[in-house]
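# Per-entry structural report
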Number of protein chains: 2
Amino acid sequence: MEYKPNWLARGMRTERTNTIGIIADDLLSPFTPPIIRGIQDFLRTIDYLGLIINSDWDPDLEREAISTLLGRSVDGMIFVESGHLAPTEELEKAGKPYMFVHRLFGAPIQYSVVPDDYAGTQLAMEHLFSLGHRCIAHIAGPSGWHSARRRVDGYVDSMHQHGIAIEAGWMLESDWRYEGGFAATQQLLATDPCPTAIYVANDHMAWGTVEAIRAAGLRVPDDVAIVSYDNRSFSRVLRPKLTTVSLPAYEMGKKAAEQLSLKLQGETVATDEVKICGTLYIRESCGADPSLRTVEQPDVGTTVRHQLTGVPPVSN
Amino acid sequence: MEYKPNWLARGMRTERTNTIGIIADDLLSPFTPPIIRGIQDFLRTIDYLGLIINSDWDPDLEREAISTLLGRSVDGMIFVESGHLAPTEELEKAGKPYMFVHRLFGAPIQYSVVPDDYAGTQLAMEHLFSLGHRCIAHIAGPSGWHSARRRVDGYVDSMHQHGIAIEAGWMLESDWRYEGGFAATQQLLATDPCPTAIYVANDHMAWGTVEAIRAAGLRVPDDVAIVSYDNRSFSRVLRPKLTTVSLPAYEMGKKAAEQLSLKLQGETVATDEVKICGTLYIRESCGADPSLRTVEQPDVGTTVRHQLTGVPPVSN
DNA sequence: GTGAAAGCGCTAACAA
DNA sequence: TTGTTAGCGCTTTCAC
């Protein structure tokens, strides 16, 4: 009968606000929006809402955010790509449940959802093997990052599992960036024996790899095949379109929210890291048969917008 | 003395929660995160927090979101890229202030912050003129979008102001996408007289333009110069790096929050659209003297992260 | 000036 | 089962 409860009053009484706090390093980091979207979509199913604060990688801001959120009586918290924090004393004292998603640095931590970079790497490597490649090089990210190290492990193990020795110079550490990928590739092309395929640890560097190969007068994928990682939105507009393993940001966010909701209901949740594996998006940069290509989903929203406005779906 | 107020109780008493609702079409739309970040950064200065809900371009979801937010007693609302809504009856009845940011379609509306695409276009065109170009073509976005139409107006007026006639075939409507830009450019290159510069209405199409020009055996910027619009993050990793006018998403969000805070304080705010002009990022695609290039700021957070982790700043 | 008390809307506990 | 009431923590009002 038109009755609309006042959530403030209810929250005051029940000590439950149906709100959680989300502390993100920075909303503008590339994976933060999809992680948060995943969180939001799960929260919606349990009638929760999220209050988002940016900590900008600043420990003081992060502490302040925790304090602010506690003052708002949130029921729990999720730390998104939060850099460094072991939960503050204040958070522990409050006894509210919390989760971490996609912590990038530091030792592994409890109640944390992370990408399964090792398994994702296997996906990429197996694809290359299935296409007949055996001389596969790897351009890695900076070793300070979890993801970079795990992708290296995956590469090394994968090669060994196929009984292939990794030649000197086939594994290079770079910096995640276009320029780094470009430079590393130039080095690689001067290697003997020269690899026929390169597993590049992220899409940015892979872009540089594509351009370096072209600059050397070679073609992708005919002369050198490329697989990379992340499935950033530009990877399907680059030519050739990149074959890449997705970093399952959305799914990770969803999972973290799900775990949190379990804790919210008082259930005991396994403390160890939850690993989520991405998917291989088969496109053009490996030369796989076109019939194998992943069918691309339109970006969320663009089809609805299309129906609404008559304006065609736009890739984001 | 360690006293921490309970915001719920305070809110119940004062009818002020220091919280606003943010209804976004979709957190994953490219300009939504920077707009929200702008809102958040302003809100922080007045001790407010934002509750974000995605409406996914669905009028029903949007109505539901308004209702949810009202139930949470937010003090006001901001609609981010919300497609269509004239405020619902319920919102009006609640008497809470609200603002729109970056409404993409439909008739102009009150209390709305939008990009000044006309002025931004002048920036782009003047840059081209200053480089000596007179034969300038325009690849436009779909005419259903405000931004596309205003960018066309800016182009046409700018040409006329310089006393230049727009040749037949110099103005093409496309679809915002890489493929559209590519195809339009091929058409343009077959035009006589062939333009020496192209003003492309967004970065995505401009990417296609670059590739089409290359495919025709011509060079950017030597044979054809390109300016575009939006300043998407990939525009500075594309080679040549795109000279482009930014869509000032962050600033728009900030402004909207500022306007809302004025309304929150009971001040009367001008009802007409607030227009925010972007900035011209001079890079490589127009062939401007290197000394004129805009100095690039590192992405928010990456420098802090650098200090924290020893890992170099990464472009997002 | 200081201090006590009422009441915001709800739910949980208790009484009938 | 149904109905009544106390009280969550704060601010505002009103009495002193």
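Presented here is a report on the structure given in the accompanying data block.

Calculation notes
- Residues numbered from 1 in each chain as written.
- Chains lettered and ligands numbered in written order.
- Predicted model: local features only at pLDDT ≥ 70, side-chain atom pairs only at ≥ 80, totals over all residues.
- Heavy atoms only, no water.
- Contact = heavy atoms within 4.5 Å.
- Buried area = accessible area lost by both parts, 1.4 Å probe.
- Salt bridge = Lys/Arg side-chain N within 4 Å of Asp/Glu carboxyl O.
- Polar contact = N/O pair within 3.5 Å; in protein donor to acceptor, adjacent residues only side chain to side chain.
- Helix = DSSP H or I, 4+ residues; strand = E, 2+ residues; numbered from the N terminus.
- Nonpolar A, V, L, I, M, F, W, Y, C, P; charged D, E, K, R; others polar.
- Least-squares fit on C-alpha atoms with pLDDT ≥ 70 in both.
- Near = heavy atom within 4 Å.
- Phe/Tyr/Trp six-rings, centres within 6.5 Å; stacked < 30°, edge-to-face > 60°.
- Buried < 20%, exposed > 50% of the residue type's maximum accessible area, 1.4 Å probe, protein only.
- Lys NZ or Arg CZ within 6 Å of the ring centre and 35° of its normal.
- Pairing = 2+ DSSP bridges.
- Axes fitted to C-alpha atoms, helices over the stretch in contact; angles between N-to-C directions.
- Parallel < 35°, antiparallel > 145°, perpendicular 65-115°, else oblique.
- Left-handed = near helix turned anticlockwise from the far one by under 90°.

### Some points on the interface of chain A and chain B
With 72 residues of chain A in contact, the opposing surface of chain B contributes 72 residues. Across the chain A to chain B interface the summed buried area is about 6,200 Å²; carbon plus sulfur atoms make up 62%. In terms of surface lost to chain B, no three residues of chain A exceed Leu8(A), Leu49(A) and Arg72(A), which account for 11% of the buried area on that side. For the pair chain A and chain B, the interface holds 10 salt bridges. Here Glu90(A) and Lys4(B) are joined by a salt bridge, their closest N and O atoms 3.1 Å apart. Where chain A touches chain B, the interface holds 22 residue pairs in polar contact (both at pLDDT 80 or more). For the side of chain A that touches chain B, the secondary-structure elements that each account for two or more residues are helix 1 (7–14), helix 2 (32–45), strand 2 (49–54), helix 3 (59–71), helix 7 (178–189), helix 8 (203–215) and helix 10 (302–309) of chain A. In terms of residue count, the dominant contributor to the side of chain A that touches chain B is helix 3 of chain A (7 residues). Residues of the side of chain A that touches chain B, tallied by class, amount to 36 nonpolar, 20 polar and 16 charged.

### Some words on the relation of the copies chain A and chain B
Both copies of the chain are related through a single rotation about an axis accompanied by a shift along the same axis. You can overlay chain A on chain B at an RMSD of 0.0 Å; the transform is a turn of 180 degrees with a shift of 0.0 Å along its axis. The two molecules are tied by a two-fold rotation axis, judged by turn and shift. The share of interface residues of chain A whose copies in chain B are also at the interface is 100%, consistent with both copies meeting through the same surface.

### What about the protein's contact with DNA strand D?
Close to DNA strand D lie Met12(A), Arg13(A), Tyr3(B), Lys4(B), Pro5(B), Asn6(B), Ala9(B), Arg10(B), Arg13(B) and Thr14(B), which account for all nearby residues. The sugar and phosphate moieties of DNA strand D supply 56% of its atoms located within 4 Å of the protein. Arg10(B) places a side-chain nitrogen or oxygen 2.6 Å from a phosphate oxygen of DNA strand D. Between DNA strand D and the protein, one listed contact pairs a base oxygen with a side-chain N or O atom of Arg13(B) at 2.7 Å. Sorting the residues of the surface near DNA strand D by element identifies helix 1 of chain A together with helix 1 (7–14) of chain B as the ones contributing at least two each. Per-element accounting of the surface near DNA strand D gives the leading share, 4 residues, to helix 1 of chain B. Taken together, the residues of the surface near DNA strand D break down into 4 nonpolar, 2 polar and 4 charged.

### Some remarks on the packing of aromatic side chains
For the structure on display, the rule yields 19 aromatic pairs over all chains. Look at Tyr178(A) and Phe182(A): their rings are 6.3 Å apart centre to centre, the planes differ by 25 degrees, and that puts the pair in the stacked class. Of this pair, Tyr178(A) and Phe182(A) both sit in helix 7, 4 residues apart, which is roughly one turn of that helix. Given the relative accessible area of 5%, Tyr178(A) is considered buried. Aromatic rings pair up to connect Tyr178(A), Phe182(A), Trp207(A), Phe234(A), Tyr178(B), Phe182(B), Trp207(B) and Phe234(B) into one cluster. Across from the ring centre of Trp7(B), 4.9 Å away, lies the NZ or CZ of Arg10(B), which sits over that ring. The ring of Trp7(A) has Arg72(B) sitting right over it, with the charged end atom 4.9 Å from the ring centre.

### Let's talk about unusual backbone geometry
Of note, the bond from Val220(A) into Pro221(A) is cis; its omega dihedral lies within 30 degrees of zero at 5 degrees. Assignment of secondary structure puts Pro221(A) in the loop between helix 8 and strand 9 (225–230). At the junction of Arg239(A) and Pro240(A), the peptide bond is cis and its omega measures out at -10 degrees in the coordinates. Along the chain, the position of Pro240(A) falls in the loop between strand 9 and strand 10 (243–246). The backbone of Asn231(A) shows a phi angle near 55 degrees, a positive value even though the residue is not glycine. Summarising the element assignment, Asn231(A) is placed in the loop between strand 9 and strand 10. Since its relative accessible area comes to 22%, Asn231(A) is described here as partly exposed. Of note in the backbone geometry, Trp176(B) takes a positive phi value of approximately 80 degrees without being a glycine. Within the secondary structure, Trp176(B) is located in the loop between strand 7 (171–173) and helix 7 (178–189).

### Concerning the protein's contact with DNA strand C
As a structural note, the neighbourhood of DNA strand C is formed by Tyr3(A), Lys4(A), Pro5(A), Asn6(A), Ala9(A), Arg10(A), Arg13(A), Thr14(A), Met12(B) and Arg13(B). Sugar and phosphate atoms represent 57% of those atoms of DNA strand C found within 4 Å of the protein. The contact in question runs from a phosphate oxygen of DNA strand C to an N or O atom on the backbone of Asn6(A), over 2.8 Å. At 3.5 Å from a base nitrogen of DNA strand C is found a main-chain nitrogen or oxygen belonging to Ala9(A). Put simply, the parts of the chain that give the surface near DNA strand C at least two residues each are helix 1 of chain A together with helix 1 of chain B. In terms of residue count, the dominant contributor to the surface near DNA strand C is helix 1 of chain A (4 residues). Of the residues contributing to the surface near DNA strand C, the split by class is 4 nonpolar, 2 polar and 4 charged.

### Notes on the sheet that holds strand 6 (residues 136–140) of chain A
Residue and element names in this part refer to chain A. Strand order in the open sheet formed by 6 strands is 7-6-8-9-10-12, and the pairing between neighbours is mixed. Each of the sheet's edge strands pairs with one partner strand only, and the pair in question is strand 7 (171–173) and strand 12 (280–281). Note that strand 6 and strand 7 share 3 bridges and pair parallel. In the sheet register, His 138 faces strand 7, and the bridge partner there is Met 171. Along the sheet, helix 5 (residues 117–130) contacts strand 6, strand 8 (197–200), strand 9, strand 10 and strand 12; its crossing angle with strand 9, the most-contacted strand, is approximately 160 degrees.

### Details of the sheet that holds strand 9 (residues 225–230) of chain B
Residues and elements named next belong to chain B. Taken in spatial order, the 6 strands of this open sheet run 7-6-8-9-10-12, and their pairing is mixed. Edge positions in the sheet fall to strand 7 and strand 12 (280–281), since each of these pairs with one other strand and no more. With 4 bridges connecting them, strand 9 and strand 10 (residues 243–246) associate as parallel partners. Paired with Ser 228 across the bridge in strand 10 is Thr 244. Together, strand 6 (136–140), strand 8 (197–200), strand 9 and strand 10 form the strand contacts of helix 8 (residues 203–215), whose direction differs from that of strand 9 by roughly 160 degrees.

### Comments concerning the packing of helix 2 (residues 32–45) of chain B against helix 9 (residues 249–264) of chain B
All names here are of chain B. Their axes nearest at 6 Å, the elements helix 2 and helix 9 cross at an angle of 40 degrees. Relative to helix 9, helix 2 is oriented oblique. As helix 2 packs across helix 9, the resulting crossing turns out to be right-handed. Side by side, helix 2 and helix 9 meet where Pro 34, Ile 35, Arg 37, Gly 38, Ile 39, Asp 41, Phe 42 and Leu 43 of the first sit next to Ala 249, Tyr 250, Gly 253, Lys 254, Ala 257, Glu 258 and Ser 261 of the second. When its residues are assigned to classes, the contact of helix 2 with helix 9 shows 8 nonpolar, 3 polar and 4 charged.

### What about the pairing of strand 9 of chain B?
Residue and element names in this part refer to chain B. Buried residues dominate strand 9, accounting for 6 of its 6 residues. Across 3 bridges, strand 8 lies against strand 9 in parallel orientation. Bridged to Ala 197 within strand 9 is Ala 225.

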